[in-house]
Amino acid sequence: MENHQVRALYDFTGESGTAELSITAGEVLTVIRDNVGDGWCEGFNQSGQSGLFPAAYVQVIEQTAPSSNAMTSSQQSSGDYWDDDWDDDSEVGQTQPCVPPTQQQQQQPQLIQLPQNNIGDYDQMHTIHSVIPERPIPNVPKKNNKFSTLIKSGEDSFLMGHSRVANVPESERIFVEETDLGRCTWVPTGESYSCVVTSPKKESKLKGLKSFIVYQLTPTFNNIQVSRRYKHFDWLHERLEEKYCFIPIPPLPDKQISGRYEDAFIEHRRTQLQEFVNYVCRHPVLARSRVWEHFITCTDEKRWKAGKRQAEKDELLGVNYFNALQCPDTPLDAIKMEIQTDAFGKFISGLDPVVKNFMAMAVDQGKKHQVLYRREFQKIGQSFTSLGHALEADDSGRGKLTRALKATGDAYNDIGRLFDEQPKFDWEPLADTFHIYRGIISSFPDVISIHKSAVQKRKDCERLVSEHKMEPQQLRELSHRTDVIARALIAEETHFQTEREVHINKAIKSHLTEQIAFYQKIVDKLREALSAFDE
């Protein structure tokens, strides 16, 4: 795309003090460099102003496909992923540098677009329409190739015993136990802990041309603070997804281009990152992961980079990690397990659209509070105040009524401000909690598919044994490894059930508590206004 002309599809306002270039929908730009990194292009407009702008916001004017060497993701940008100077804040996900006109998406400015993580198109039955006009941004979901990567890495090799790991480090071993009721659970190792995400602040490099937000993480087991950027969280998330194919990894906050240095956005992102961190800390396997512990404890730059490269070269990941699972040797009832898995799969498929819809509702309510409801109550307040002013023109000893009307107008104005401020206490936390569960639920089909694939492989081998084309001992060994996969699925299902019982319960109770306090404040404001008429 270099030295090509492109046309802007959408408006983009560059952040002041950075190298970003503001563009207007319809204007023609010339691309100087398309390998800046992570979805950015460098170019200049017809006025000669140059800078960086989002690749997903433009299209090539010529009706040609992007060249084969076009930048497709941050991993293909020049330089090391971690140290690339242009790898952080263009938060458009994995996107092609240009979108040909034939592939443009229909704009739906009054539809809340929830970024999808491998969960397909949003069911129209569960679409929440908002009264708040939204700036159209292309819906570019980040593709999660977890299961396809799993297939490539050789599930068959594991089942057939061809991918054995001779020496699994003790620190990497994961233990599964069975309860008296026959349920499998992860065995926690070590004491539980938490980690706090605090003090987001804006920093810069390249003499101020590149800006980013840094968050402070402090685990309770050592109380030593570490600094991490969003791109570090993104790197961590990729490592966890690659390593734990049998555990749905909680999603990160959705990526965003505009407004990412606004105080409200930064604080909201902090709370979303806190939700992600809380889920990982509560998980008995993820909380003991070496890459996670490196992420929350390493303060030295050299050790950090060495640990990062070690994690990227880790061979004990994906299907290979099943070799690290220590499970009971007793065989599982194959028929009972298949029935249980099918039931759980149906439960997840039914829960998925409902959770998406619930989160969309919470997001929509927050927006309505801050725009529609605030505006409506302020209009009511203005009407009462105007009536009071009008009556003042004939103030023959009746000032008491005009003062009371003004007090009523002030009360409604205050109620409008309460609506504006309230979502950060109730609707936003609720949406953040369900953002986590939406991502977890959307990942479960991949985890279930691993088990189904293993079961199908066992059935194929049973047929081969009946035809005397496979030794019975090989089938017994394969069945044991299939049971390892099954026990991992049951253990994760059990953890998910515990999570939803405890933490969704907590989230809803907190929401209702804040709602009661909120409406109590409204009642107090109205009582205050009423008392003005009795004075």
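The name that an unreviewed UniProt entry assigns to the chain is Sorting nexin-33, with the source organism given as Ooceraea biroi. Per UniProt, the comment on the chain under Subcellular location (unreviewed entry) is "Cytoplasmic vesicle membrane". UniProt's Sequence similarities (unreviewed entry) comment on the chain is quoted here verbatim: "Belongs to the sorting nexin family."

Enquirer: Whenever I open this one, the overall build of the chain confuses me. Can you help?
Expert: Broken down by element type, the chain carries ten helices and eleven strands. The proportion of buried residues among the 535 residues of the chain is 48%. Summing over all exposed atoms, the chain offers an accessible surface of approximately 26,400 Å²; the carbon and sulfur share of this is 51%.

Enquirer: What exactly am I supposed to notice about the pattern of salt bridges here?
Expert: Pairing is possible between side chains of opposite charge, provided their charged atoms come close. Taken as a whole, this structure holds 27 salt bridges when the rule is applied. A salt bridge links Glu493 to Arg183; the nearest nitrogen and oxygen atoms lie 3.6 Å apart. Linking Glu493 in helix α10 (residues 472-534) with Arg183 in the loop between β6 (174-178) and β7 (184-186), this pair joins segments that are 310 residues apart in sequence. For Arg183, a relative accessible area of 22% translates into the label partly exposed.

Enquirer: Can you help me understand the nonpolar core in this one?
Expert: Proteins that are soluble and globular tend to have nonpolar side chains buried together. Membership of the largest hydrophobic core comes to 83 residues, with the highest contact counts inside it found for Phe246 and Phe322. It is helix α9 (residues 427-466) that contributes the most residues to this core, 15 residues altogether. Counting the residues that make up this core, at least three belong to each of domain 2 (185-326) and domain 3 (334-532). Judged by nonpolar contacts, the second largest core, of 19 residues, contains Val6, Leu9, Trp40 and Phe53.

Enquirer: Where do I start with the packing of helix α7 (residues 334-392) against helix α8 (residues 399-421) in this structure?
Expert: Each pair of packed helices can be summarised by the angle the axes make with each other and by the distance between the axes. Remark: α7 packs on α8, axes separated minimally by 7 Å, with the N-to-C direction vectors making an angle of 170°. By the angle between their axes, α7 is roughly antiparallel relative to α8. Grouping the amino acids of the contact of α7 with α8 by side-chain chemistry returns eleven nonpolar, 13 polar and six charged.

Enquirer: Explain unusual backbone geometry here, please?
Expert: Peptide bonds are trans in most cases, and residues, glycine excluded, mostly fall at negative phi. Notably, Ser199 is not glycine yet its phi reads approximately 50°, a positive angle. Inspection of the secondary structure assignment puts Ser199 in strand β8 (residues 195-205). In this structure Ser199 comes out as partly exposed when scored by relative accessible area, which is 45%. In this structure, His468 takes a positive phi of about 60° despite not being glycine. Take His468: it is sitting in the loop between α9 and α10. Exposure remark for His468: the relative accessible area of 74% places this residue in the exposed category.

Enquirer: Got a minute to help me understand the pairing of strand β9 (residues 210-219) in this structure?
Expert: Taking burial as the measure, the ten residues of β9 include ten buried ones, the bulk of the element. Neither face of β9 is exposed, since Lys210, Phe212, Val214, Gln216 and Thr218 on one face and Ser211, Ile213, Tyr215, Leu217 and Pro219 on the opposite face are all buried. Two strands pair when backbone bridges link them, and β8 and β9 are joined in this way by nine bridges, in the antiparallel orientation. Bridge pairing in β9 links Lys202 to Ile213. The pairing of β9 with strand β10 (residues 226-229) spans four bridges and is classified as antiparallel. When the bridges of β10 are listed, Tyr215 appears paired with Arg228. With antiparallel pairing between neighbouring strands as the criterion, β9 and β10 make up a hairpin whose turn holds six residues, including Asn223 at a positive phi of roughly 55°.

Definitions and cut-offs
Within each chain, residue numbers correspond to sequence positions counted from 1 in written order. The model is predicted, so local features are restricted to residues of pLDDT at least 70 and side-chain atom pairs to those at 80 or more, both for listing and for counting; the totals for chains, interfaces and linings are taken over all residues. As a rule here, side-chain values cover all heavy atoms of the structure and leave hydrogens and water aside. UniProt positions are given in the numbering used here, feature names are shortened, and annotations may be inferred rather than shown by experiment. By the criteria applied, helices consist of DSSP H or I runs no shorter than four residues and strands consist of E runs no shorter than two, each listed in order from the N terminus. Residue exposure (1.4 Å probe, protein chains only): buried if accessible area is under 20% of the type maximum, exposed if over 50%, otherwise partly exposed. Note on areas: Shrake-Rupley, 1.4 Å probe, and residue coverage restricted to the protein chains presented here. The term salt bridge refers to a pairing of a side-chain nitrogen on Lys or Arg with a carboxyl oxygen on Asp or Glu at a separation within 4 Å. The criterion is simple. A nonpolar core is a set of buried Ala, Val, Leu, Ile, Met, Phe, Trp, Tyr and Cys residues joined through side-chain atoms within 4.5 Å. The domain boundaries here were taken from an automatic or database domain assignment. Geometry is summarised by axes, namely lines fitted to C-alpha atoms with helices restricted to the contacting stretch, and by angles between N-to-C directions that run from 0 to 180 degrees. Angle categories are assigned with fixed cut-offs, so that under 35 degrees is roughly parallel, over 145 is roughly antiparallel, 65 to 115 is roughly perpendicular, and the rest are oblique. Classification used: nonpolar for Ala, Val, Leu, Ile, Met, Phe, Trp, Tyr, Cys and Pro, charged for Asp, Glu, Lys and Arg, polar for all others including Gly. In this scheme, strands are said to pair when DSSP sees at least two bridges between them.

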